[in-house]
Amino acid sequence: AGKGGEPLIYIMYNRTTNLLIRGALLFSVGVFLALVLNLLQVQRNVTLFPPDVISSIFSSAWWVPPCCGTASAMIGLLYPCIDSHLGEPHKFKREWSSVMRCVAVFVGINHASAKVDFANNVQLSLTLAALSVGLWWTFDRSRSGFGLGVSIALLATLATQLLVYNGVFQYTSPDFLYIRSWLPCIFFAGVITMGNIGRQLALYEYKFIQEKTHQD
């Protein structure tokens, strides 16, 4: 009985280890992207933090990167979990080159929001919405991915609105209830991007467990 139980214990142990490793990697990616993207926004004077909370060379509040990292880890771990529970493993464009292109497009969308001059906020919002949906269609195409992306984007926008309303930070020239109307589009694109990274990392864990099961 001891011999038969060993492979299962080994696999469970490695699942936990792989989960922690995936979470740490996703957290790191989230922190890195938060620093890079916030730098773009600050350069365009889109975000303003009160002087008393400025504590980094990127003119960002210290808590922003860790929060983005935590959210990225949760999203990246949630996507493959949802796929598994729905019984619909995501098989569309499952290679790292595609994931890297997705990250590049996401950064490009943020760059456009910060650097490109649009005639008005409506034009900017519609353009970013089209680009974000295009990112989902190009790199995801799953209904679960779209639904989860929209839900998390709306929740993140609400959380941002509460932070702005309470004076934690502010957007210059807000056009909708203290915040920028295009913010949900950026959140949606970010969720799809981190979901793709999380799915790709989970793919390696799945392959490892399958190989170990066959060996034992």
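Bear in mind that the values here come from a model prediction, so they are computed numbers and not experimental data. (Residues numbered from 1 in each chain as written. Predicted model: local features only at pLDDT ≥ 70, side-chain atom pairs only at ≥ 80, totals over all residues. Heavy atoms only, no water.)

1. Quick look at the overall build of the chain
The criterion, for reference: Every helix listed is a DSSP run of H or I at least four residues long, and every strand listed is a run of E at least two residues long, numbered separately from the N terminus. Whether two residues are in contact is decided by their heavy atoms, any of which lying within 4.5 Å being enough. The Shrake-Rupley method, run with a 1.4 Å probe sphere, supplies the accessible areas, and residue values consider only the shown protein chains as cover.
When helices and strands are counted, the chain shows 6 helices and 2 strands. Ordered by position from the N terminus, the helices and strands of the chain form the series α-β-α-α-α-α-β-α. A sequence separation of at least 24 residues applies to 78% of the contacts in the chain between residues at least 6 apart. For the chain, the exposed surface amounts to about 12,000 Å²; the carbon and sulfur share of it is 68%.

2. Topic: the packing of aromatic side chains
As a reminder of what qualifies: When the centres of two rings from Phe, Tyr and Trp lie within 6.5 Å, Trp using its six-membered ring, the rings pair. Their planes under 30 degrees apart give stacked, over 60 give edge-to-face, and anything left gives tilted. Exposure classes here rest on a 1.4 Å probe applied to the protein chains alone. A residue is buried below 20% of its type maximum, exposed above 50%, and partly exposed in between. In this scheme, Lys NZ or Arg CZ marks a charge over a ring once it lies within 6 Å of the ring centre and within 35 degrees of the ring normal.
Here the structure, examined in full by the defined rule, presents 3 aromatic pairs. A centroid spacing of 6.0 Å and a plane angle of 55° characterise the contact between Trp136 and Trp137, whose relative ring orientation is tilted. Residue Trp137 is classed as partly exposed on the basis of its relative accessible area, which comes to 48%. Ring centres 5.0 Å apart and planes at 65° place the aromatic pair Trp136 and Phe146 in the edge-to-face group. On the criterion of sequence distance, the pair formed by Trp136 in helix α4 (residues 121-139) and Phe146 in helix α5 (residues 143-165) is long-range, its members being 10 residues apart. By relative accessible area, which is 12% here, Trp136 ends up buried. You can call Phe146 partly exposed: its relative accessible area is 32%. One residue, Arg141, lies across the ring of Trp137, its end atom 4.2 Å from the ring centre.

3. Focus: the UniProt feature "transmembrane region" (unreviewed entry) in the chain
Basically, it comes down to this: UniProt positions are given in the numbering used here, feature names are shortened, and annotations may be inferred rather than shown by experiment.
Per the UniProt record, the feature "transmembrane region" (unreviewed entry) sits at residues 19-40, 60-79, 122-139, 146-165 and 177-197. Helix and strand shares over residues 122-139 are 100% and 0% respectively, and the end C-alpha atoms of the span are 26 Å apart. Across residues 146-165, helical content stands at 100% and strand content at 0%; the span's end C-alpha atoms are separated by 28 Å.

4. Describing the pattern of salt bridges
This is how the line gets drawn: The salt bridge definition used is simple: a Lys or Arg side-chain nitrogen within 4 Å of an Asp or Glu carboxyl oxygen.
Within the structure shown, the criterion is met by 2 salt bridges. Residues Asp83 and Arg199 are paired through a salt bridge, measuring 2.7 Å at the closest nitrogen-oxygen approach. Here the residue Asp83 occupies a position in helix α2 (residues 64-86), and Arg199 occupies one in helix α6 (residues 183-215), the gap between them amounting to 116 residues. When sorted by exposure, Asp83 lands in the same class as Arg199, which is buried. Where Arg199 meets Asp140, a salt bridge forms, and the shortest distance between an N and an O atom there is 3.0 Å. Of the two residues, Arg199 is situated in helix α6 and Asp140 in the loop between α4 and α5; the sequence distance between them amounts to 59 residues.

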